[in-house]
Amino acid sequence: MTTSLLVADARTKKRNAAEKRFQAYGLSAIVVAMLALLVLLISVLFNGLSSFQQTFITMDIALAEDRVDKQGNRDPAEMAKTTTIGYNSLLRDALIATLESEGLTTDLSNKDIANMISKESSATVRNRVLANPDLVGQTVTFDVLASGRIDGFFKGDVTLESAALDQNTSPEALMLAQELADRGVMETKFNWNFFVWPDASVQRPEAAGLGVAILGSLYMMIVVLVLALPIGVASSIYLEEFAPKNRITDIIEVNISNLAAVPSIVYGILGLAIFINFMEFNQSSPLVGGLVLTLMTLPTIIISTRAALKSVPPSIRDAALGVGASKMQSVFHHVLPLAAPGILTGTIIGLAQALGETAPLLLIGMVAFVREYTAAYTHAAGLFGEASAALPVQVFNWTQRSDPAFVERASGAIITLLVFLLIMNAVAIYLRRRFERRW
Amino acid sequence: MGLLIFASTIAIMTTVGIVFSMLFETFNFFGQYDWRDFFFSLSWSPNFRGNSDLGIIPLLWGTLYVSVIALLVAVPIGLFAAIYLSEYAGPRLRAVAKPAIEVLAGIPTIVYGLFALITVGPFLRDYFAEPMGFGQSASSVMTAGVVMGVMLIPFVSSLSDDIINAVPQAMRDGSLGLGATKSETIRQVVLPAALPGIVGAILLAASRAIGETMIVVLGAGAAARLSLNPFEAMTTVTVKIVSQLTGDTDFASPETLVAFALGLTLFVITLGLNVFALYIVRKYREQYE
């Protein structure tokens, strides 16, 4: 049999086919990985974007003196005796009046009509009146929150069928809401308050916000930055520039690379045992959270700082020493400034990691329900000592609640968290590009 | 100078703190609960009125099962992605795909947890578990395992990528010069040379999987079970640490203290894996330097 170089034989064909297959496996692995990223992001966006919008009812509320200020003296302390229950009926009457003026009739009971308004709204209106007693006696236009079910209806999460099985709403209420929306009384619009309001109780998903959680995360980031950056830089300088090569520094190095791989939840146990049980810091305080996250991010910062120090060529050090600088001066006046962009980049990446960390914070009590905005300093609790929430833990909290409206909130909180991370990483990349130096 | 030395000892103090905080409470725990029951009992049913069964075996089983599924997802995808990126991909694809895969590593685990809870769990239940008669649970070993696998892809791929790139070009040239195709070169020359390093990368990924918390808390469920069905809810060591230590805790009862024993077990396992993996990776790197 004659063979030609131009005609591939069976074995060559087989080997070439195997080559093609192998390449296809590799390419499909990359495609799968990128698809996974895409699906993840789309699913979160799809579920969460609606949380940035909220349904409001615009109505005129007659703040009659006999309803909100029974003594008639405009004294906030006296007016505070009218509880939110009193305001509930005020809001209900206002909505009924609005229905009448719009020419809408309904067979819903007064109680069902009241249920269309969020229970949170009465507190909002009450606080406004208490803050400004001059409003009493006037008719004021308020944008009040609609209830979670009505809000869900406009976002497509609640349907007429599901409402028929639901104790908290009814198909009639949803139809009425649709009528109101057609007349412009009810409107679903961007809700800036999602980022400002504190968490709300289990029955009021429509009023839950991220205010306290963002504040708590911010405080923790401050603690981490203030502690981890100097400690990390100091320890890298020592290990990289001064440390003698001996057993002890060897142990420290192995130790740091192992700490970087310890599961984060173990740091939570450490925080619970040492900071809370032993040192008796306050549970769920940003201080403890910040300390735990500091210990967790230290290895990351040390590793990147050492890499940055290492990339500064020895000629810089030699030149500084040659003109008479001390070792300290050569490091702090010359090496450190040149390594600063690299250190900063590593620090920002470490902070981003700390911002998204959840597990250790669960153990130190950051799951607590906190409605008060956390003060940075109080005399009783000290610096960052008041109980607070944190952004990723808030997500976890909301997933544990039974009302499905909280799933939307959790996804919205995730989007917020991811946007923060994106900004931090973008800054890190920008710094690296801007100041990167090739020696 | 003293300050610098002090700063670098903080890392040591952290380790000491971790070990002692857990050792101390673990001793307390074993003072109240027999260690043989902890390590060998097959049931986990804590009861806050006392008389609990606190056997670690069902938890270890869940941890192991989830981790194995995660690795089954992450290792082939991560490895093939690394091979393709380092051996075949042009600079353009590399510039897009490498950062995209690394983004997966930067996403916080709570995001993966939520993804497991609201997307992957219901999807697996509706399209796999129910039609195939495996149960109706949305939170399952499979849910947590698959999502965790996605999270681990970048760990496997970026480490393997480094290791494959460290294999000297001369070895590839030799093989190609003898007439082997590119894939034959990779399979028979590059991969065997890189194998120890890749094993190290996989071990590091395994230690990540064992210590991972939020994905399993939200995706795997809370029921301690010894079962083979991957679509059933099971629980892991980390989930139980969270559930025993959140809420009202009483630091005198074994039901709370057991969390420290679980934590210590977790720490020892992951530390062992890490030390072993780092040892392998380091030893391998020196080989070609």
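Right above here is the structure, for reference.
All of the points below concern the structure found in this document. (Residues numbered from 1 in each chain as written. Chains lettered and ligands numbered in written order. Predicted model: local features only at pLDDT ≥ 70, side-chain atom pairs only at ≥ 80, totals over all residues.)

Some details on the overall build of chain A
So, point 1. The helix and strand tally for chain A stands at 18 helices and 5 strands.
So, point 2. Expected size for 439 residues packed as a compact globule is a radius of gyration near 22 Å; at 30 Å, chain A overshoots this value by more than 25%.
So, point 3. Each principal axis of the C-alpha atoms in chain A carries an extent, and together these give about 90 × 85 × 40 Å.
So, point 4. Contacts spanning at least 24 positions in sequence make up 78% of the contacts within chain A whose residues lie at least 6 apart. (Helix = DSSP H or I, 4+ residues; strand = E, 2+ residues; numbered from the N terminus. Rg over C-alpha atoms; globule rule 2.2 N^0.38 Å. Contact = placed C-beta atoms within 7 Å.)

As for the pairing of strand β1 (residues 53-62) of chain A
All names here are of chain A.
So, point 1. Across 5 bridges, β1 lies against strand β3 (residues 186-190) in antiparallel orientation. Its bridge partner being in β3, threonine 55 is matched across the sheet by threonine 188.
So, point 2. Looking at chain direction, β1 and strand β2 (residues 139-145) are connected through 7 bridges and run antiparallel. Note on β2: the bridge partner recorded for methionine 59 is phenylalanine 142. (Pairing = 2+ DSSP bridges.)

Some points on the environment of A:Leu383
All names here are of chain A.
So, point 1. Tracing the sequence through the fold places leucine 383 in strand β5 (residues 382-383).
So, point 2. Remark: the alpha-carbon pair of leucine 383 and serine 285, spanning 98 residues in sequence, is separated by 9.5 Å.
So, point 3. Not counting the four nearest positions on each side in its chain, leucine 383 is found in contact with Leu287 and Tyr377.

A look at the packing of helix α6 (residues 141-166) of chain B against helix α8 (residues 182-211) of chain B
Residues and elements named next belong to chain B.
So, point 1. Across the interface, α6 lies against α8 with an axial gap of 9 Å and an inter-helix angle of 150°. Every pair of crossing elements has a handedness; the one defined by α6 and α8 is right-handed. Here α6 contributes Met148, Leu152, Phe155, Val156, Leu159, Ser160, Ile163 and Ile164 to the contact with α8, which in turn contributes Val190, Ala194, Gly197, Ile198, Ala201, Ile202, Leu204, Ala205, Arg208 and Ala209.
So, point 2. Across the contact of α6 with α8, the residue classes tally to 15 nonpolar, 2 polar and 1 charged. (Axes fitted to C-alpha atoms, helices over the stretch in contact; angles between N-to-C directions. Left-handed = near helix turned anticlockwise from the far one by under 90°. Nonpolar A, V, L, I, M, F, W, Y, C, P; charged D, E, K, R; others polar.)

Overview of the interface of chain B and chain A
So, point 1. Facing 63 residues of chain B, the contacting portion of chain A comprises 65 residues.
So, point 2. Top element by residues in the side of chain B that touches chain A is helix α1 (residues 2-32) of chain B. It accounts for 15 residues.
So, point 3. Looking at side-chain class alone, the side of chain B that touches chain A contains 43 nonpolar, 18 polar and 2 charged residues.

A closer look at the packing of helix α1 (residues 10-48) of chain A against helix α4 (residues 91-106) of chain B
Two measures define how a pair of helices packs: the angle their axes make with one another and the distance between the axes.
So, point 1. Between α1(A) and α4(B), the shortest axis-to-axis distance is 9 Å and the interhelical angle comes to 50°. Our classification of the angle between α1(A) and α4(B) gives oblique. Along this stretch, α1(A) crosses α4(B), giving a crossing that reads as left-handed. Taken together, the residues of α4(B) that come into contact with α1(A) (itself represented by A:Ile30, A:Ala33, A:Met34 and A:Leu37) are B:Ala97, B:Ala100, B:Ile101, B:Val103 and B:Leu104.
So, point 2. Grouping the amino acids of the contact of α1(A) with α4(B) by side-chain chemistry returns 9 nonpolar, no polar and no charged. (Parallel < 35°, antiparallel > 145°, perpendicular 65-115°, else oblique.)

Here's the deal with helix α5 (residues 109-129) of chain B
Residues and elements named next belong to chain B.
So, point 1. Across its 21 residues, α5 extends only 25 Å between first and last C-alpha, which sits more than 12% below the 30 Å expected from 1.5 Å per residue.
So, point 2. Roughly 45° is the biggest bend found in α5, and it falls at alanine 116.
So, point 3. Burial analysis of α5 places 15 of its 21 residues in the buried class, the great majority of the element. (Expected span 1.5 Å × (residues − 1). Bend = angle between axes of the 7 residues up to and from the residue. Buried ≥ 20, exposed ≤ 12 C-beta atoms within 10 Å, placed from the backbone.)

A few points about the nonpolar core
So, point 1. In terms of nonpolar packing, the biggest core is built from 184 residues, with B:Leu114, B:Val147, B:Val156 and B:Ala205 touching the most fellow members.
So, point 2. By residue number, the principal contributor to this core is helix α3 (residues 57-88) of chain B, which donates 18 residues.
So, point 3. Judged by nonpolar contacts, the second largest core, of 32 residues, contains A:Leu63, A:Leu95, A:Met186 and A:Ala200. (Core = buried A, V, L, I, M, F, W, Y, C linked by C-beta atoms within 7 Å.)

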